[in-house]
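Spelled out, the chains give:
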Amino acid sequence: MRRENQSSMSQFLLLGLPIPQGQKGLFFTLFLGMYLTTVLGNLLIILLIRLDSHLHTPMYFFLSHLSFTDVCFSSVTVPKMLTNMQTQHLSIPYEGCISQTYFFILFADLDSFLITSMAYDRYVAICHPLQYTTIMSQNVCVMLVAGSWVIASACALLHTLLLARLSFCADHTVPHFFCDLAALLKLSCSDTSLNQLVIFTAGLTAIMLPFLCILVSYGHIGATILRVPSSKGIRKALSTCGSHLSVVTLYYGAIIGLYFLPSSNNSKDNNIIASLMYTVVTPMLNPFIYSLRNKDMKGALRKFLHKKTYYSS
């Protein structure tokens, strides 16, 4: 197969979602509604946390950053996917594809680190309540978020630089709705063993290690809950952790199903569905999970709507 390097290649072709031609209008409307829900819902969470002083706590500090990350995460892939569905313009410039890969990895890793920070916050709040304000100080929260950005940026940059050095075969067709790193490596005519090694190492650092930290945190939380004699204490602990556990299940469940299950079960369509779960569905559901299951968020929303009604009347 003919080889082309990055200097002679100008674009890739994204095949997009395996949708019959006659149903593309329906799916375009569906995914457009999901994307708008993701953006507006997460921006509403950021606004409520900003306006309500009762939500100026470490948990909601992390939640506001998670909401911002979810908006960016969906915006990396969904607008281009919608454009392709509507215009049938499937090409994406080489530079645009490399940039999309960088930002996709950046915000995927950042999501993982922020979810882990929220699990650590819940662990400290339930297992060490008397030391909570000391351990989860403002400086510690800022350092956790800043560290998440630095590590996620470094991982994304490393993957992107290694990808940019590869030569690609004449077939530039990507069987996905975005420039997925694994799909791009399959199109390369170069030796990708170093890329695969970095994917494995970075996957352990950015996905599996945070996931193990979350499991350990909730293991300690579960042990603490079992030592609480009153059912009121159990209900309170579950109410503070239920929303976060829902997000953890959705996010890591899709990623583990996509990248860590046997490859024989991962057909092209299954890969696309799993990718949709953690790039489109999970960011959209987060506002509902944190608002419908969270008493503080529902109270902040009621106050916000009351103020809006008061000033408009």
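Residues numbered from 1 in each chain as written. Predicted model: local features only at pLDDT ≥ 70, side-chain atom pairs only at ≥ 80, totals over all residues. Heavy atoms only, no water.

### Structural notes on the overall build of the protein
Move 1: In terms of regular secondary structure, the protein is built from 10 helices and 5 strands.
Move 2: For the protein, with 313 residues in total, the buried portion stands at 49%.
Move 3: Here the analysis covers contacts within the protein between residues at least 6 apart in sequence; of these, 81% occur between residues at least 24 apart.
Move 4: Summing over all exposed atoms, the protein offers an accessible surface of approximately 15800 Å²; the carbon and sulfur share of this is 67%. (Helix = DSSP H or I, 4+ residues; strand = E, 2+ residues; numbered from the N terminus. Buried < 20%, exposed > 50% of the residue type's maximum accessible area, 1.4 Å probe, protein only. Contact = heavy atoms within 4.5 Å. Areas by Shrake-Rupley, 256 points an atom, 1.4 Å probe, with all protein chains shown as cover.)

### As for the environment of Ala-254
Move 1: You can see Ala-254 is positioned in helix α8 (residues 231-259).
Move 2: Every residue in contact with Ala-254, bar those within four places of it in the chain, is listed here: Thr-249, Ala-274, Met-277 and Tyr-278.

### A look at the packing of helix α5 (residues 138-164) against helix α7 (residues 193-226)
Move 1: Two elements in contact, α5 and α7, have axes separated by 10 Å at closest approach and are oriented at 170°. In this view, α5 runs roughly antiparallel relative to α7, as classed from their interaxial angle. Here α5 contributes Leu-158, His-159, Leu-162 and Leu-163 to the contact with α7, which in turn contributes Leu-194, Asn-195, Val-198, Ile-199 and Ala-202.
Move 2: For the contact of α5 with α7, the per-class residue count stands at 7 nonpolar, 2 polar and no charged. (Axes fitted to C-alpha atoms, helices over the stretch in contact; angles between N-to-C directions. Parallel < 35°, antiparallel > 145°, perpendicular 65-115°, else oblique. Nonpolar A, V, L, I, M, F, W, Y, C, P; charged D, E, K, R; others polar.)

### A word on the confidence of the model for the protein
Move 1: Per-residue confidence for the protein averages 85 on the pLDDT scale, and 88% of its residues sit at or above 70.
Move 2: Element-level mean pLDDT values for the protein span from 51 in strand β1 (residues 3-4) up to 96 in α5. (pLDDT = per-residue confidence, 0-100.)

### Considering α5
Three or four residues apart is the spacing at which side chains of an α-helix point the same way, because the helix has 3.6 residues per turn.
Move 1: For α5, with 27 residues, the first-to-last C-alpha span of 39 Å sits near the 39 Å given by 1.5 Å per residue.
Move 2: Looking at the packing, one finds that the buried side of α5 touches α2 (58-87), α3 (94-127), β4 (168-169), α6 (181-186) and α7. (Expected span 1.5 Å × (residues − 1).)

### Quick notes on the packing of α2 against α5
Move 1: Remark: α2 packs on α5, axes separated minimally by 10 Å, with the N-to-C direction vectors making an angle of 25°. Classed by the angle they form, the pair α2 and α5 counts as roughly parallel. The two elements α2 and α5 meet at a crossing, and its hand is right-handed. Contact with α2, carried on its side by Pro-58, Phe-61, Phe-62, His-65 and Phe-68, involves Cys-141, Val-142, Leu-144, Val-145 and Trp-149 of α5 and no other residues of that element.
Move 2: Class assignment of the residues belonging to the contact of α2 with α5 gives a composition of 9 nonpolar, 1 polar and no charged. (Left-handed = near helix turned anticlockwise from the far one by under 90°.)

### Here we look at the sheet that holds strand β3 (residues 91-93)
Move 1: Taken in spatial order, the 3 strands line up as β3-β2-β5 in an open sheet, and their pairing is mixed. Here the strands that pair on one side only, and so sit at the sheet edges, are β3 and β5 (173-174).
Move 2: The sheet contact formed by strand β2 (residues 11-14) and β3 spans 3 bridges and is antiparallel. Within the sheet, the bridge partner assigned to Phe-12 lies in β3 and is Ile-92. (Pairing = 2+ DSSP bridges.)

### A closer look at the nonpolar core
Move 1: Core analysis: the biggest nonpolar cluster contains 90 residues, and Phe-12, Leu-17 and Phe-31 have the highest contact counts within it.
Move 2: With 19 residues, α3 is the single largest residue contributor to this core.
Move 3: When sequence neighbours within four positions are dropped, the list of residues in contact with Leu-17 reads Phe-31, Met-81, Met-85, Phe-177, Ile-272 and Leu-276. (Core = buried A, V, L, I, M, F, W, Y, C linked by side-chain atoms within 4.5 Å.)

### Describing the state of the cysteines
Move 1: Inspection of the entire model under this criterion finds 1 disulfide.
Move 2: Each disulfide pairs two cysteine sulfurs, and for Cys-97 the partner residue is Cys-179, the sulfurs being separated by 2.0 Å. The disulfide joining Cys-97 to Cys-179 has a torsion of about -125° about its S-S bond and is therefore left-handed. Of this pair, Cys-97 sits in helix α3 while Cys-179 sits in the loop between β5 and α6, and the two are 82 residues apart along the sequence. Here Cys-97 and Cys-179 have matching classes, each one buried. (Disulfide = S-S within 2.5 Å.)

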